[in-house]
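Spelled out from the first residue to the last, the chains are:
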Amino acid sequence: MNKHDSERIAGMLESLGNLEVGTIEESDVVIYMTCCVREAADVRLYGQAASIKNIPLRKNSPFDKRIVCVGGCIGQRDGNTLIDKVSNINVVFGTHNIGNLPALIDKAKDDNVVEILERSENFPTDLPTKRDNFWAAWLPIMIGCNNFCSYCIVPYVRGREKSRPMQDIIDEAIQYKEQGVKELTLLGQNVNSYDHGKFYELLCEIDKIGFDRLRFATSHPKDISDNVIKAFGTLKSLQPQLHLPVQSGSNRILKEMNRRYTAEHYLGLIDKLRNVNPDIALSTDIIVGFPGESEDDFMDTYNLIDKVGYTQVFSFIYSRREGTPAAKIPDDTPKEVIQDRFNRLVDLIAKRAYEINQKDKDTIVDVLFEGESKKDKSIQTGKTPKGQTVHVKGKNLAGQIKKVQIDECKTWYLTGQIL
Ligand code: 5AD
Ligand code: SF4
């Protein structure tokens, strides 16, 4: 969502005649789009914003000073504190008012400015976007979250759930299709609760537009409906890939997390999905070291991960977020114990991902290419329908879909030859 908001900001500022530059040295304005879901991101923002203080403004800048802006979730949460703590920050804006940023930058030429709104007046999607690439687009269908998982700061900084009108979403999707977009990803903190149960209807409408690839993120296991599960077997453009965050395999911890499902319910969903498509690629999020997590609780998570078999797992060590209910739960689990659990889980995740990828050896898959590998310019990388990364020898394939014969399957990527 933050990356998408950044594309909106870039689009808006470019439409007003500004240019994106590659380095801080060349810039007149710096904008940090921030996340506060875990502490590490918090620390990084405060450090980075302060660290650019002594970089001089370019010689022919029309500005008297470099304007440093902080937006996104840390902006929404910290407001004035940011300016008090980091003296070179000039603008703080939040998650609900990215459309006002050009005006705020203008005001900041005279004096520092903080503007935080409690809720969005309109959907930010009416703003122009500057997409990172021409073949893929993100489309927010809703903003905010009503779930209040006990560890999570998101509902406090992104506000309550608000769905965008279906026709607006369809119109924007049609525009993307006309612009040559091949892969569309529908976005929201909890897409399955789109407009009180209309997510399946929306998926069907978007499928009709005929993208090569349609994906969505993120799903909450308590809200994913049977017809959305069935859609993985019926909708032509919907890719065989689903991110379904489980967070924990322990029912006791799930209850403490306020997730409102059990491990059994979650495994039931996995069975239904695999009945529709046995080869569907699944990924998840896990929190290790939630306050009071015992070794038995952890082993429930470990066994669930082993059982499901994910192509990708994003695992996080619990990070205490002030203001959330979980921050009040006492915890005496030593840091080393949590780190050891995390390491064991990371090993298991890699072992299972490697095993699962072996199924694709010697198959032919459609790969949507993204460009050359950062490490080796003779290699082009792309994604399979299941979302696995593929490396092939080649040149200038960005944005193209090609058939690739897979010859090797590693843990985190596959290699092959273009047919
Ligand atoms: N600590 C650690 N991980 C968290 N997440 C959300 N809040 C926290 C927290 N306080 C993780 C969840 C979520 C993902 C986006 O970030 O796993 O699914
Ligand atoms: Fe946070 Fe839970 Fe909402 Fe996801 S569903 S954003 S984890 S409160």
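As a starting point, this report considers the structure included with it. On a predicted model such as this, the values are computed, not experimentally measured, just so you know.

Cut-off values and rules
Residues numbered from 1 in each chain as written. Chains lettered and ligands numbered in written order. Predicted model: local features only at pLDDT ≥ 70, side-chain atom pairs only at ≥ 80, totals over all residues. Heavy atoms only, no water. Buried < 20%, exposed > 50% of the residue type's maximum accessible area, 1.4 Å probe, protein only. Helix = DSSP H or I, 4+ residues; strand = E, 2+ residues; numbered from the N terminus. Pairing = 2+ DSSP bridges. Right-handed = clockwise from strand over helix to strand, strands pointing away. Near = heavy atom within 4 Å. Nonpolar A, V, L, I, M, F, W, Y, C, P; charged D, E, K, R; others polar. Phe/Tyr/Trp six-rings, centres within 6.5 Å; stacked < 30°, edge-to-face > 60°. Polar contact = N/O pair within 3.5 Å; in protein donor to acceptor, adjacent residues only side chain to side chain. Areas by Shrake-Rupley, 256 points an atom, 1.4 Å probe, with all protein chains shown as cover. Axes fitted to C-alpha atoms, helices over the stretch in contact; angles between N-to-C directions. Parallel < 35°, antiparallel > 145°, perpendicular 65-115°, else oblique. Left-handed = near helix turned anticlockwise from the far one by under 90°. Contact = heavy atoms within 4.5 Å. Salt bridge = Lys/Arg side-chain N within 4 Å of Asp/Glu carboxyl O.

1. Concerning the pairing of strand β11 (residues 281–288)
Part 1: Burial analysis of β11 places eight of its eight residues in the buried class, which makes it a mostly covered element.
Part 2: A two-sided burial pattern is seen for β11, the buried positions comprising A281, S283, D285 and I287 on one face and L282, T284, I286 and V288 on the other.
Part 3: Note: β11 against strand β12 (residues 312–317), six bridges, orientation parallel. Across the sheet, S283 pairs through a bridge with Q312, a residue of β12.
Part 4: With respect to chirality, the unit in which β11 leads through helix α12 (residues 295–308) into the neighbouring parallel β12 is right-handed.

2. Topic: the site of ligand 2
Part 1: Every residue near ligand 2 is listed here: C145, N147, F148, C149, Y151, C152, V154, P155, Q189, H220 and R259.
Part 2: Within the shell around ligand 2, the residues separate by chemical class into seven nonpolar, three polar and one charged.

3. Some remarks on the packing of aromatic side chains
Part 1: Overall, the coordinates contain eight aromatic pairs when judged by the stated rule.
Part 2: Between F199 and F216, the ring centres sit 5.0 Å apart and the planes meet at 85°, which makes this aromatic pair edge-to-face. Taken as a pair, F199 in helix α8 (residues 199–209) and F216 in strand β9 (residues 213–217) lie far apart in primary sequence, 17 residues in all.
Part 3: Looking at F199, the relative accessible area reads 1%, which means it is buried.
Part 4: Taking relative accessible area as the criterion, F216 reaches 6% and is therefore assigned buried.
Part 5: On the basis of an interplanar angle of 70° and a centroid distance of 5.6 Å, the ring pair of F290 and Y318 is categorised as edge-to-face. One end of the pair, F290, is in the loop between β11 and α12; the other, Y318, is in the loop between β12 and α13 (335–357), with 28 residues separating them in the sequence. No difference in accessibility class separates F290 from Y318, as the two residues are buried.

4. Re the site of ligand 1
Part 1: All residues adjacent to ligand 1 are V37, R38, Y151, Q247, D285, I287, F316, I317, Y318, S319 and R321.
Part 2: At a separation of 3.0 Å, a nitrogen atom of ligand 1 approaches a polar backbone atom of Y151.
Part 3: Q247 places a polar side-chain atom, nitrogen or oxygen, 2.6 Å from an oxygen atom of ligand 1.
Part 4: Surface burial for ligand 1 is 85%, taken as the share of its 410 Å² of free accessible area covered by protein chains.
Part 5: Residue assignment for the shell around ligand 1 shows that the elements contributing at least two residues are β11 and β12.
Part 6: For the shell around ligand 1, the class distribution of residues is six nonpolar, two polar and three charged.

5. So, the packing of helix α7 (residues 166–178) against α8
Part 1: The contact between α7 and α8 brings their axes to 10 Å, and the two run at 25°. The orientation of α7 relative to α8 falls into the category roughly parallel. Here the hand of the crossing between α7 and α8 comes out right-handed. Residues M166, I169, I170, A173, I174 and K177 of α7 form the contact with α8, whose participating residues are E201, L202, E205, I206 and I209.
Part 2: Looking at the contact of α7 with α8, its residues break down into eight nonpolar, no polar and three charged.

6. Quick notes on the pattern of salt bridges
Part 1: For the coordinates displayed, the defined rule picks out 32 salt bridges.
Part 2: K208 is the salt-bridge partner of E205, the closest N and O atoms lying 3.0 Å from each other. With E205 and K208 both in helix α8 and three residues apart, this pair spans about one turn of that helix.
Part 3: Judged by its relative accessible area of 61%, K208 is exposed.
Part 4: With a shortest N-O distance of 3.1 Å, E322 and R320 are connected by a salt bridge.
Part 5: The class for R320 is partly exposed, based on a relative accessible area of 45%.
Part 6: Salt bridges here are not isolated pairs; linked through shared partners, they connect E293, E295, D340, R341 and R344.

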